[in-house]
Amino acid sequence: MAGGVLSFPLTSFHDDGSLDPAGFRTHVAARIATAPGAVFPACGTGEFFSLDEDEYRTVVTVAVEEAAGRVPVVAGVGYGWAQAARFARIAEEAGADALLVLPHYLVAAPQDGLVAQLEQLAARTRLPLIAYQRGQVAFTASSLRRIAEIPGVIGLKDGHSDLDRLQRLTLAAPEGFLFFNGASTAEIQARAYATVGVPAYSSAVHAFAPEIANAFFTALHDRDGDDKTIEKLLRDFYVPLVELRDRVPGYAVSLVKAAARLRGQPVGPVRAPLTDPSAADLAELTTLLTTGLDLVGAAL
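Each chain has its residues counted from 1, following the order in which its sequence is written. Owing to the predicted nature of the model, reporting of local features is limited to residues with pLDDT of at least 70; listing and counting of side-chain atom pairs is limited to 80 or more, with chain, interface and lining totals taken over all residues. Calculated side-chain values reflect all of the structure's heavy atoms, with hydrogen atoms and water omitted.

## A short note on the side chain of S143
Only DSSP runs of H or I with at least four residues qualify as helices, and only runs of E with at least two residues qualify as strands; both kinds are numbered from the N terminus onward. Mapping S143 onto the fold places it in helix α5 (residues 141-148). As used in this structure description, the phrase polar contact means that two N or O atoms lie within 3.5 Å; if the pair is within protein, one of them must be able to donate a hydrogen and the other to accept it, and residues adjacent in sequence are counted only when both atoms belong to side chains. Among the polar contacts listed, one links the side chain of S143 to the side chain of Q111, at a separation of 2.7 Å. With near-sequence residues (within four places) excluded, S143 lies in contact with Q111 and V115. Residue contacts are counted whenever heavy atoms from the two residues lie within 4.5 Å of one another.

The structure is reproduced here in C-alpha cells:
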C-alpha cells in the first residue's frame, strides 16, 4: 500500500440526505482509476459515523466491485467492539480485504482496554485489522507490542503526529508490522513521518484532486528529492487549505466534499452534524483549488 497515496472516498448523498449509490459508484471508480495504493471506504472522510448498517453494506460492496481486485479495499469499522464486529461481518461478506478500526466512541480507556478492544474484534472476523490511534486512542510502546501479537492485527494508522511517541512505536513493532500517517491533511507532515519510518499516508486531497495528490506523492518519492515541487505545493496549496479547514469544526470532511462537487463529482452534501461550507469559504476554496490544479498543470 506504500506504492501510491491511500484514497479515502467520500460517501455520496442526495440533497435530501439519503444515500446515493450511483453517485458513490461514479466517485469511487474515478478514485480507483488514478491508481491509489488502496481505497478506504466508509472511514472518517466517508462519514462512517452517519451510516446505518444497510448503507454501510452498499458503500463497501460498491467499493469492492469497482476495485475489482486492482487495489486493496480497507473498510472502516468503529464504536465499541460489539458494534464494530457487526460492521466487520458486513465488510467481510461484501468482500473487503481488511478493516480500519476507527477510535471507539466517547469514553477514554486504559491501555488494557485498548488492547482488549482489538482482541475482541480480531476474534470475530477473518479480516486483517489496522488500528487507528487518534483522539482518545493512543498506544504505548508496550501496548503496541501486545496488539502486534494479536492474530490478524497487521498495522497502525497514526493521527496524533507525536513523532517522538511514533518513533518509539515503530521501534517496538515486529518486522513487517505496517504503519500509516493518518494526520489530517497528511501531506503537511509526510516528510517528517518518513524520517521515523512511516512513508505511507492517507490523502483527503485525493478525494477531489488526485492530480495534486499524485504530484505530491511523486515528488516525495523522487530518488533525487524533488523538494522544490513539494515546498511549492505545501506553501501555495496545502498550508492555505489547512488554514481554511481549521476555521470550522467538521471542515476536514465538508471542505473535501465541497471541493469534489466543484470538480463535478456526484458526492452531494454532508450529513448532520456536519455542515457544508459558507458561501465565503466556498469562494475561497474555489480560488485555492484553482491555484493548486494550476501548479500541477490541471484545470478545475
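## What to know about the packing of aromatic side chains
Each aromatic pair joins two rings of Phe, Tyr and Trp (for Trp, the six-membered one) with centres within 6.5 Å, and gets the label stacked for planes under 30 degrees apart, edge-to-face for over 60, and tilted for any other angle. Here the structure, examined in full by the defined rule, presents 11 aromatic pairs. Ring geometry for F48 versus F87: centroids 4.9 Å apart, planes at 65 degrees, classification edge-to-face. A residue pair is termed long-range when its members are at least 10 positions apart, and F48 in the loop between β2 (38-39) and α2 (53-67) and F87 in helix α3 (residues 81-94) qualify at 39 residues. Each member of the pair, F48 together with F87, is buried. Summarising the aromatic geometry, the rings of F177 and F179 are spaced 5.5 Å apart at their centres and angled 70 degrees between planes, so their arrangement reads as edge-to-face. For the pair shown, F177 and F179 are each scored as buried. An aromatic cluster is built from Y201, F216, F217, F237 and Y238, whose rings are joined through pairwise contacts. With a 1.4 Å probe rolled over the protein chains alone, any residue whose accessible area is under 20% of its type maximum counts as buried; one over 50% counts as exposed, and the rest are partly exposed.

## Structural notes on the sheet that holds strand β8 (residues 202-203)
Strands were regarded as paired on the criterion that DSSP finds at least two bridges between them. Strand order across the open sheet formed by 3 strands is β2-β1-β8, with parallel pairing between neighbours. Looking at strand neighbours, the two that pair on one side only are β2 and β8, the edges of this open sheet. Where strand β1 (residues 6-7) and β8 come together, 2 bridges link them in parallel fashion. The residue bridging L6 from the neighbouring strand is S202, located in β8.

## Digging into the pairing of strand β5 (residues 129-133)
The element β5 is extensively covered by neighbouring structure, given that 5 of its 5 residues are classed as buried. Burial along β5 is two-sided: the residues L129, A131 and Q133 and I130 and Y132 are all buried. Note on the crossover from strand β4 (residues 98-101) through helix α4 (residues 111-122) to β5: the handedness is right-handed. As paired elements, β5 and strand β6 (residues 153-158) share 5 bridges and run parallel to each other. Opposite Q133, over in β6, you have D158 as the bridge partner. Note on handedness: a crossover is taken as right-handed if, strands pointing away from the viewer, the path from the first strand over the helix to the second is clockwise. Chirality of the crossover, the property in question, places the unit of β5, α5 and β6 among those that are right-handed.

## Examining the nonpolar core
Nonpolar cores are built from buried Ala, Val, Leu, Ile, Met, Phe, Trp, Tyr and Cys residues. Side-chain atoms within 4.5 Å join them into one set. Y56, V77, L100, I147 and F179 are the most contacted members of the largest nonpolar core, which has 68 residues in total. Other than its neighbours up to four places away in sequence, Y56 contacts A42, F48, L51, A75, G76, V77, F87, I90 and A91. The next biggest cluster of nonpolar side chains, apart from the first, holds 33 residues, and it includes F208, L234, L244 and A258.

## Here's the deal with the pairing of strand β3 (residues 74-77)
Each regular strand displays side chains that alternate between the two surfaces of the sheet. A two-sided burial pattern is seen for β3, the buried positions comprising V74 and G76 on one face and A75 and V77 on the other. Pairing analysis gives 4 bridges linking β3 to β4, with the strands arranged parallel. Directly across from A75, in β4, lies its bridge partner L99. Once you follow β3 into α3 and on to β4, the crossover reads as right-handed.

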